[in-house]
Amino acid sequence: MQPDSRTLTILGATGSIGRSTLDVVARHPHRYRVFALSAHRQAGALAGLCVRHAPRYAVVGDAAAADSVRAQLAAAGSATEVLVGEQALADIAAHPQVDTVMAAIVGAAGLTPAIAAARAGKRILLANKESLVMAGEVFLRACSDGGAAVLPIDSEHNAIFQCLPAGQRTGAAAPGVRRILLTASGGPFRRASAAEMSQATPEQACAHPNWSMGRKISVDSATMMNKGLELIEASYLFGLPEARLGVLVHPQSIVHSMVEYEDGSMLAQLGNPDMRTPIAHALAHPERIDSGVAPLSLAEIGRLDFEAPDLQRFPCLGLAHDALRAGGAAPCALNAANEVAVGAFLDRALRFTDIARVAEAVLQAIGSRAAGGDVDEVLEIDREARSVARGQLLRCAA
Ligand code: NAD
Ligand code: MG
C-alpha cells in the first residue's frame with residue numbers, strides 16, 4: 001500500500017455510480033482500500049461486492065437483507081461484518097479510519113449519511129445531488145464546520161469544477177466568471193411530441209440514448225427534471241444565482257458543461273459519456289489516473305450539436321428555474337414531489353406528463369415557505385411535500 005493511499009466508504013455501492021466507482025478502484029489497488037460498502041436491499045449484489053473487495057463493514061437497510069448478506073458471506077468465508085439501518089450508514093460515513101466517502105445513494109435517503117460525512121470532515125465525492133437540492137445551505141455549512149471537501153461527481157459539475165481556477169472554494173463564485181452553462185442530452189424524448197410523451201412507458205423513459213444510469217435519474221433525464229435539479233446543485237456548489245446559470249441541449253453528451261469568463265473565453269470539458277471519468281477525477285484529485293474510459297475520438301464523432309431547451313415540452317426544467325429563483329423551501333419541496341411522482345410513474349400509477357403537474361402543485365402549496373435551518377427542519381419540509389404530492393397523485397389518477 002502506498003503511504004498516500006485512501007480509505008473509502010461507498011454509500012450506494014450496488015448502484016450505477018457505486019459499481020462504476022468500484023470498477024475504477026479495482027484498477028488501482030495500491031491507491032484505494034475499500035473500508036465499507038452499503039446497499040438498500042440488494043443482498044445478493046452486495047454480498048458479491050463484499051467477497052470481491054473485502055470491506056470491513058457492509059450496511060443494509062433492513063434485517064431481512066442483513067440475514068441474507070450474512071448467510072452468503074459466511075458461505076463464502078468472508079470476514080466482512082454486516083450492520084443495519086440509518087445510524088450504521090452515518091457511522092460508516094463518519095468512521096475515523098475513512099478519509100473518502102462516495103455519496104451515491106439515490107434520493108433524499110442520501111442526505112443524512114452525507115451530512116454525517118460532512119460533519120466528520122471527510123473528502124466527499126458527491127453523486128447524490130438531492131443532498132444539495134434539499135439542503136444546500138445546511139449541507140455546505142456542515143462541510144465548512146467539519147472541514148469537509150466536496151468533489152462533484154455529477155458529470156456536469158465535475159466538468160465545471162475542472163474548468164474553474166484550481167483551488168476554488170465550494171459555494172463561492174470564482175472571480176471572472178460570467179456564466180455557467182450546463183449541457184443536457186435532451187434524453188430519450190428530445191424529439192417526442194407532447195402527445196407521445198403523455199403515453200410514455202417506464203421502459204421508454206429509462207432507455208437513455210447516451211448514459212446507463214439508475215431508474216430514478218433516468219426518468220429525471222427524460223423529463224429534464226434532472227437538469228433542473230442540476231441547476232440548483234450548481235447554484236450551491238459554484239455560488240451563482242439562477243440568472244447566471246443556463247442549460248444547453250447537446251445530444252452527443254461529449255461536452256459535459258462549460259464556464260464562460262468575462263473576457264469572452266468559454267472553457268469546456270469533453271470526454272466520452274462514462275461516469276468513470278468524473279469518478280476517477282474526483283478519486284485522484286489533484287492527480288490524474290486511468291479510469292478505463294476509452295479515449296475520445298472527435299474525428300469519429302464528427303460533429304457536436306447544441307440547441308436551446310424547449311420549456312413547453314419539458315416543464316420540469318422551468319419549474320426548477322422557478323424553484324431556484326424562489327429559494328426557501330422550494331428546491332426541497334420540488335425534489336420531494338419529484339421523487340414521489342417518479343416513483344408512481346415507475347409503478348405505472350402516474351402518467352409521464354403528470355410528473356410536472358404533481359411537482360407544480362406541491363411548489364404552489366408549500367414552495368414559498370422558509371428553508372429548513374437544520375437537517376430536522378429540512379426533513380420536515382420533505383415529509384410535508386411528499387404528503388401533498390401523494391394527495392396530488394390521487395387527483396391525477398381520478
Ligand atoms: P441507483 O438506483 O443505480 O443506485 C442507488 C444506490 O442507492 C443503490 O446501491 C441502492 O441500494 C441505494 N439505495 C436506494 N435507496 C436507498 C435507501 N432508501 N437507503 C439507502 N440506500 C438506498 O442510482 P444511481 O444511478 O447510481 O444514482 C445514485 C446517485 O448518483 C443519485 O443521486 C443520482 O442522481 C446521482 N448520479 C447518478 C449518475 C449516473 O450516471 N447513474 C450520474 C450523475 C449523478
Ligand atoms: Mg448529470
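A.B. asks: Any chance you could explain the sheet that holds strand β10 (residues 255-261) here in plain terms?
C.D. replies: For sheets, the rule is that strands pair by backbone hydrogen bonds, running either parallel or antiparallel. A sheet is described by the order of its strands in space; here 4 strands give the open sequence β9-β8-β10-β11, paired in mixed fashion. Every interior strand has two partners, whereas the edge strands, β9 (245-249) and β11 (266-270), have only one. Neighbour-to-neighbour, the strand axes of this sheet turn through a mean angle of 20 degrees, independent of strand direction. By the bridge criterion, 5 bridges tie strand β8 (residues 177-184) to β10 in an arrangement that is antiparallel. Each bridged residue has a counterpart across the sheet, and for valine 177 the counterpart in β10 is tyrosine 261.

A.B. asks: In this structure, what is going on with the coordination of the magnesium ion (ligand 2)? I would like to understand it.
C.D. replies: The textbook angles at a metal center are 109.5 degrees for a tetrahedron of four donors and 90 or 180 degrees for an octahedron of six. Bound to the magnesium ion (ligand 2) are the protein donor atoms Asp154 (OD), Glu156 (OE) and Glu230 (OE), situated 2.1 to 2.2 Å from the metal. For the magnesium ion (ligand 2), the single-chain donor residues occur in sequence as D-x1-E-x73-E. Of this pair, aspartate 154 sits in the loop between β7 (149-152) and α7 (155-163) while glutamate 230 sits in helix α11 (residues 225-238), and the two are 76 residues apart along the sequence. Residue aspartate 154 shares its accessibility class with glutamate 230, and that shared class is buried.

A.B. asks: What should I look at first to understand the site of ligand 1 in this one?
C.D. replies: As a structural note, the neighbourhood of ligand 1 is formed by 22 residues, with Thr14, Ser16, His40, Gln42 and Glu130 the closest of them. Within the side chain of glutamate 130, a nitrogen or oxygen atom sits 2.6 Å from an oxygen atom of ligand 1. At the level of secondary structure, the elements contributing two or more residues to the shell around ligand 1 comprise α1 (16-26) and α6 (129-146). Of the residues belonging to the shell around ligand 1, the class tally is 11 nonpolar, 8 polar and 3 charged.

A.B. asks: So what exactly am I meant to see when it comes to the side chain of serine 131 here?
C.D. replies: As for its position among the elements, serine 131 is in helix α6. For serine 131, a relative accessible area of 0% gives the class buried. Contacts of serine 131, omitting those with residues within four sequence positions, involve Gly110, Leu111, Ala114, Gly136 and Phe139.

A.B. asks: Looking at this model, I keep getting lost on the sheet that holds strand β5 (residues 100-103). Mind explaining?
C.D. replies: Taken together, the 7 strands give an open sheet; going across it, the order is β4-β3-β2-β1-β5-β6-β7, and neighbouring strands pair in parallel fashion. The sheet terminates laterally at β4 (81-84) and β7, the two strands that pair on one side only. Across this sheet, the average inter-strand angle for adjacent strands is 25 degrees, counted without regard to direction. In the sheet, strand β3 (residues 57-60) pairs with β4 via 4 bridges, with the strands oriented parallel. From the neighbouring strand, valine 60 faces β4, where its bridge partner is valine 84.

A.B. asks: Before we go on, may I ask you to explain the nonpolar core in this structure?
C.D. replies: Residues Ile124, Phe139, Leu334, Phe352 and Ile355 are the most contacted members of the largest nonpolar core, which totals 100 residues. Apart from residues no more than four positions distant in its own chain, phenylalanine 139 is found in contact with Ala114, Ile115, Ala118, Ile124, Leu126, Ser131, Leu132 and Val150.

A.B. asks: Could you clarify how one ought to interpret helix α10 (residues 215-223) in this entry?
C.D. replies: Residues lying three or four places apart along an α-helix face the same way, a consequence of the helix completing one turn every 3.6 residues. With 7 of 9 residues buried, α10 lies mostly within the body of the structure. By the burial criterion, the buried members of α10 are Lys216, Ser218, Val219, Asp220, Ser221, Ala222 and Thr223. At its buried positions, α10 is contacted by α6, α9 (202-206), α11, α14 (315-326), α15 (330-346) and α16 (354-366). Among the residues trailing α10, methionine 224 stands out with phi positive, at a value near 70 degrees.

A.B. asks: Just checking my understanding: could you explain the pairing of β5 for this structure?
C.D. replies: Along any regular strand, the residues point their side chains to alternate faces of the sheet. The two faces of β5 match: Thr100 and Met102 on one face and Val101 and Ala103 on the other face are all buried. Sheet topology note: the β5/strand β6 (residues 123-126) ladder contains 4 bridges and is parallel. Counterpart to threonine 100 in the pairing with β6 is arginine 123.

A.B. asks: Is there a simple way to explain helix α3 (residues 63-76) in this structure?
C.D. replies: Given a rise of 1.5 Å per residue, 14 residues ought to cover 20 Å, and the 20 Å separating the end C-alpha atoms of α3 matches this to within 8%. Taken together, the buried positions of α3 are occupied by Ala65, Ala66, Val69 and Leu73. Taken down its axis, α3 places every buried residue within 100 degrees of arc, on the same side. Away from its buried face, by an angle of more than 90 degrees, α3 presents the exposed residues Ala63, Ala64, Ala74 and Ala75. On the buried face of α3, the contacting elements are α2 (43-53), β3 and β4. A positive phi of about 70 degrees marks glycine 77, the residue just after α3.

A.B. asks: Can you walk me through the packing of α15 against helix α17 (residues 375-397) in this structure?
C.D. replies: For any two helices packed against each other, the geometry comes down to the angle between their axes and how far apart the axes lie. One way to put it is that α15 packs onto α17 with a least axis distance of 8 Å and a crossing angle of 45 degrees. Considered as vectors, α15 and α17 are oriented oblique to each other. Read as a crossing pair, α15 and α17 show a hand that is right-handed. Contacts between α15 and α17 involve Cys332, Ala333, Ala336, Ala337, Glu339, Val340, Ala341 and Ala344 from the first element and Val378, Ile381, Asp382, Ala385, Arg386, Ala389, Arg390 and Leu393 from the second. Of the residues belonging to the contact of α15 with α17, the class tally is 12 nonpolar, no polar and 4 charged.

The rules behind each value
Throughout, a residue's number is its position along its own chain's written sequence, starting from 1. Whichever chain is written first is A, and whichever ligand is written first is 1; the rest continue in order. In view of the model being predicted, local features appear only for residues whose pLDDT reaches at least 70, and side-chain atom pairs are presented and counted only at 80 or more, with totals across whole chains, interfaces and linings using the full set of residues. Processing note: side-chain calculations cover all non-hydrogen atoms of the structure and skip hydrogens and water entirely. At least two DSSP bridges between two strands are required for those strands to pair. Helix and strand definitions here come from DSSP, where helices need a minimum of 4 consecutive H or I residues and strands a minimum of 2 consecutive E residues; each element is numbered from the N-terminal end. Axis definition: a line fitted to C-alpha atoms, limited for helices to the stretch in contact. Angles are taken between N-to-C directions and run from 0 to 180 degrees. Each metal's donors comprise the N, O and S atoms found within 2.8 Å of it (within 3.2 Å for Na, K or Ca). Water is not part of the atom list, so some coordination spheres may appear incomplete. Burial status follows relative accessibility: with a 1.4 Å probe on protein chains alone, a residue under 20% of its type maximum counts as buried, one over 50% as exposed, and anything between as partly exposed. The criterion for a residue being near a molecule or strand is simple. One of its heavy atoms has to lie within 4 Å of it. Contacts described as polar in this section are N or O atom pairs within 3.5 Å, which, within protein, must combine one atom able to donate a hydrogen with one able to accept it, while residues neighboring in sequence count only if both atoms come from side chains. Residue type decides the class: Asp, Glu, Lys and Arg count as charged, Ala, Val, Leu, Ile, Met, Phe, Trp, Tyr, Cys and Pro as nonpolar, and the leftover types, Gly among them, as polar. Any two residues whose heavy atoms approach within 4.5 Å at even a single point are treated as in contact. Side-chain atoms within 4.5 Å link the members of a nonpolar core, which is a set of buried Ala, Val, Leu, Ile, Met, Phe, Trp, Tyr and Cys residues. By definition here, a helix of n residues has an expected span of 1.5 Å times n minus one. In this description, the arc belongs to the directions extending from the helix axis to the C-beta atoms. Working definition: roughly parallel below 35 degrees, roughly antiparallel above 145 degrees, roughly perpendicular at 65 to 115 degrees, and oblique for all remaining angles. Helix crossings get a hand from a simple test, with the near helix turned counterclockwise from the far one by less than a right angle marking a left-handed crossing and a clockwise turn marking a right-handed one.

The quantities given are spatial measurements derived from coordinates; they are silent on function.
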